[in-house]
Amino acid sequence: MDVLRFTIIAAAASGLAACGSEPESRDVSGFDRDYQTTLMELLLDAEPGQVIEIPAGQFIIERGLSLADVDGVTIRGAGADETILSFAEQRQGAEGLLVSGSDDFTIENLAIEDTIGDALKITDGENIVIRGVRVEWTNGPSTENGAYAIYPVQSRNVLIENSIAIGASDAGIYVGQSDEIIVRNNIAEYNVAGIEIENSRNADVYGNIARHNTGGVLVFDMPHLPRAGFGTRVFNNEIYENNTDNFGHAGTPVASVPAGTGMLINAGDGIEVFDNVLRNNRTGHVIISSFFSSGWSDVDTTSDYDPYPESIWIGPNVYEGGGGNPDGLELQALRVAMFGPTGRFPPVIWDGYADSAKMVDGAMPERLRICVEEVEVLNADLPNDASEARLDGDNHRCTLDRLAPVDLGPLAGAR
Amino acid sequence: MRIWLAAAAAALLAACTAEAPPDPPAPRVVAEGWPQVLSAWGQLAAGGGELVLGEQVTPYDLNTALFSDYALKLRTVWIPDGAGAAQYDETAAFDFPVGSVITKTFYYPRDGGDLTRVRADGASMEHFDGRALDLTEVRLVETRILVRREDGWDAASYLWNDDQREARLARTGAFVDLTLVSAGDEAQGLDYLVPNTNQCANCHVTDTTDGRGVRPIGPKARHLNRDFEYFGRTANQIAVWTEAGLLEGAPAPEAAPQSAAWISGIPMGALELEAAARSYIDINCAHCHSRTGQADTSGLYLEPWEPFGPNFGVCKPPIAAGRGTGNRSFGIVPGNADASIFAFRMASTRADIMMPELGRASTHEEGAELISAWIDSMAGGCG
């Protein structure tokens, strides 16, 4: 029984069902159409250290904007509700704004709406600040929406704060293949994945609200990439009611996320989850799974890829409700079989895959273990088709050396 | 529209009667900045129904070309006297001296007299005699310039005027509305995109790790290693460049790498099919999809020396493809192009699905068929 793979089918069906009655996007007929040329010229002419101020207003942008290889640029609007760049009539470009190879880049106080593809992609940068930015698909959750809202990748020293991501058909706030990351005090809602950290090292995710997504906060490690991730701390977040049907595109990694997932760790290592409030996530509050449960169990992964989640510490969190109505018939059947018609999954669910090659005398070395404080753990026993699914909390009482806080220096201390 | 047509007709008439083509212009070193008009570079001059190459400006062609909405391309290279020669490299783009200018003029055969109605079935170089491009049957769209400055390469494009006599700097790019007519006389609207200067970087920053910014893509040994019909003679380009002092350090052409030359059609032999497909993928995809390129975030590496394994897409799940998956699970499913993300993204023209992301607004049907045929010819499957 492959629970997560099964949910791909469920997701596709619900995505289809969602079509037909979707709310409409923001009416942009009164938006300014002339400013876009000015903005494009400002980006083309940007000198190192330049501040590009975008005034309050609502602006149509028909082509993907880009900034390439200029350091020290700041793009600043008059507020996330005052300066709106609408891509509702975008004719060209896989992103709304693509920033590449530009260090010391800041974007703040503006909104990017309704891009065809990814909204804000920042690649190969160092010292990146995204602050007070709202990215939204104004028609609400839809498979037709662009994939990523806020998307820094292959960057170092990344701060995302006080920002809002709504409606992404993949991830609202997605940090990929990066080092030294702080994601704090943001709101991610009505995305497939609210906040996702993938193949990244040293990320602190705190003070955020992740609600009404399919999955609230995800930490993933994918194969075939130049680098593996390690070291993500998820703490002091409110992660609730992430029960939106999965509207991701089949084939994407997030399409296999069951609706009702609070926090999902897939194949990631070195992860701490503590002091969060997790509330009413209908499948489960914290799901810990290997790559084998993500729908590609037969993938020929590279030899240096580690498909197992290891060195995980689920510390004290507040858990309320949830787990009583999991996504997908097989998970429902498992819930009923184990806990009765009105029963709930416990707060933590583990797929049960462990790397026997790493075991010493039949047990995982202490530093690689999955440690869970206080609450019960469901071992779903997927390696054996759930035949011995069981409550297994007692086998997860352990402690790990704590990860160090991420220190971005003045970048994160400025306010 | 009517006024415009009359003007165009007058220009054509002038071209056919009195005006003689210009003499080859003298190329100029433009050490900084961007002149407002293309003619200021002295690389090309239009008039009298011809686009004439400047003195010592050498035309060239590639074995397999990047698809650009069926546009034909006239490529030239020029190195100032005394600047030295480009240094040969077996795999990377040649290292050109400061002052070098590379141009690429995008044009279409016209379908009748209308400048906006153009044909998708033109043949590369059929309007070019080695010295000049015959303008009586084609429409010039843009000329892109790459110039090697002291601190690296710079890029910008010039958009040709409707009178086809001059091109103006288009740093912010442009859309050109065209009607593209296929070999079977089917017409489709085309939003032809002239890239802005930052968009040049999206393809031409081929190494995101060394901080050297924009650089050429085409002038590599494997793409250039072919015969070219120069004025009055046909000869191998690498040999001619060496002879003319444009290139230093190159071996004899037989000893240099060579990509398959492919224009259209599905090669019958398995080896030829693979060679054509790999050559097509090299020139169309690998400037981003390499271990140093902008698409290295995907873990998909498509340079010709990469092994045919997971990082070439074989049974590889997508990373951040979004809608680009087309509900497919793997980049390449051997034996099944329909199930392969590769083929799906090549066939699409949606901005968030299509590959390449930039540089086309139409589907390269022949290219998509080539890659699909190659994938379908493989044995296997995934899982």
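As the structure is a prediction and not an experimental result, all values here were calculated from the model. (Residues numbered from 1 in each chain as written. Chains lettered and ligands numbered in written order. Predicted model: local features only at pLDDT ≥ 70, side-chain atom pairs only at ≥ 80, totals over all residues. Heavy atoms only, no water.)

A.B. asks: What's the story with the interface of chain A and chain B in this structure? I'm lost.
C.D. replies: Interfaces are often described in size by the accessible area the parts lose on coming together. Contacts between the two partners involve 49 residues from chain A and, on the opposite side, 46 residues from chain B. For the pair chain A and chain B, the summed buried surface comes to about 3,600 Å²; carbon and sulfur atoms form 52% of the total. Three residues stand out in chain A for area buried against chain B, namely Leu44, Arg63 and His224 of chain A, and they jointly supply 18% of the buried area on that side. Across the pair aspartate 45 of chain A and arginine 171 of chain B runs a salt bridge, and its minimum N-O distance is 2.4 Å. Counting every contact that joins chain A to chain B gives 16 residue pairs in polar contact (both at pLDDT 80 or more). Among the elements of the structure, helix H2 (35–44), strand S3 (63–68), strand S6 (92–100) and strand S10 (148–153) of chain A are those that each provide at least two residues to the side of chain A that touches chain B. With 6 residues, the top contributor of residues to the side of chain A that touches chain B is S6 of chain A. A per-class count over the side of chain A that touches chain B returns 22 nonpolar, 16 polar and 11 charged. (Contact = heavy atoms within 4.5 Å. Buried area = accessible area lost by both parts, 1.4 Å probe. Salt bridge = Lys/Arg side-chain N within 4 Å of Asp/Glu carboxyl O. Polar contact = N/O pair within 3.5 Å; in protein donor to acceptor, adjacent residues only side chain to side chain. Helix = DSSP H or I, 4+ residues; strand = E, 2+ residues; numbered from the N terminus. Nonpolar A, V, L, I, M, F, W, Y, C, P; charged D, E, K, R; others polar.)

A.B. asks: Explanation requested: the domain arrangement of chain B in the structure shown.
C.D. replies: Residues and elements named next belong to chain B. Domain boundaries in chain B define domain 1 (2–235) and domain 2 (260–376). The C-alpha centroid of domain 2 is placed 26 Å from the C-alpha centroid of domain 1. Listed as interface residues are 28 residues of domain 1 and, on the opposing side, 25 residues of domain 2. For the pair domain 1 and domain 2, the summed buried surface comes to about 2,200 Å²; carbon and sulfur atoms form 57% of the total. Three residues stand out in domain 1 for area buried against domain 2, namely Thr64, Phe67 and Tyr70, and they jointly supply 27% of the buried area on that side. The interface formed by domain 1 and domain 2 holds 1 salt bridge in total. Salt-bridge contacts for arginine 222 lead to aspartate 282; the nearest nitrogen and oxygen are separated by 2.6 Å. (Domains from an automatic or database assignment.)

A.B. asks: How should I be thinking about helix H3 (residues 329–339) of chain A in this particular structure?
C.D. replies: Each α-helix turn comprises 3.6 residues. Residues three or four places apart therefore point the same way. All names here are of chain A. Taken together, the buried positions of H3 are occupied by Leu331, Gln332, Leu334 and Arg335. For H3, the angular spread of the buried residues around the axis is 160 degrees, confining them to a single face. Exposed side chains of H3 directed beyond 90 degrees from the buried face belong to Leu329 and Ala337. Count one or two residues on from H3 and you reach glycine 340, which has phi positive near 85 degrees. (Buried < 20%, exposed > 50% of the residue type's maximum accessible area, 1.4 Å probe, protein only. Arc of directions from axis to C-beta.)

A.B. asks: How should the packing of aromatic side chains be read in this particular structure?
C.D. replies: The geometry of an aromatic ring pair is captured by two quantities: the separation of the ring centres and the angle between the planes. Per the stated rule, a full pass over the model turns up 25 aromatic pairs over all chains. Seen from their ring centres, tryptophan 34 of chain B and tryptophan 41 of chain B are 5.4 Å apart, and the 50 degrees between their planes marks the pair as tilted. Overall, tryptophan 41 of chain B belongs to the buried group, its relative accessible area being 0%. Geometry around phenylalanine 175 of chain B places arginine 63 of chain A over its ring, the cationic atom sitting 5.4 Å from the centre. For the cation-ring pair, arginine 149 of chain B lies above tryptophan 34 of chain B, with the distance from its terminal atom to the ring centre recorded as 5.3 Å. (Phe/Tyr/Trp six-rings, centres within 6.5 Å; stacked < 30°, edge-to-face > 60°. Lys NZ or Arg CZ within 6 Å of the ring centre and 35° of its normal.)

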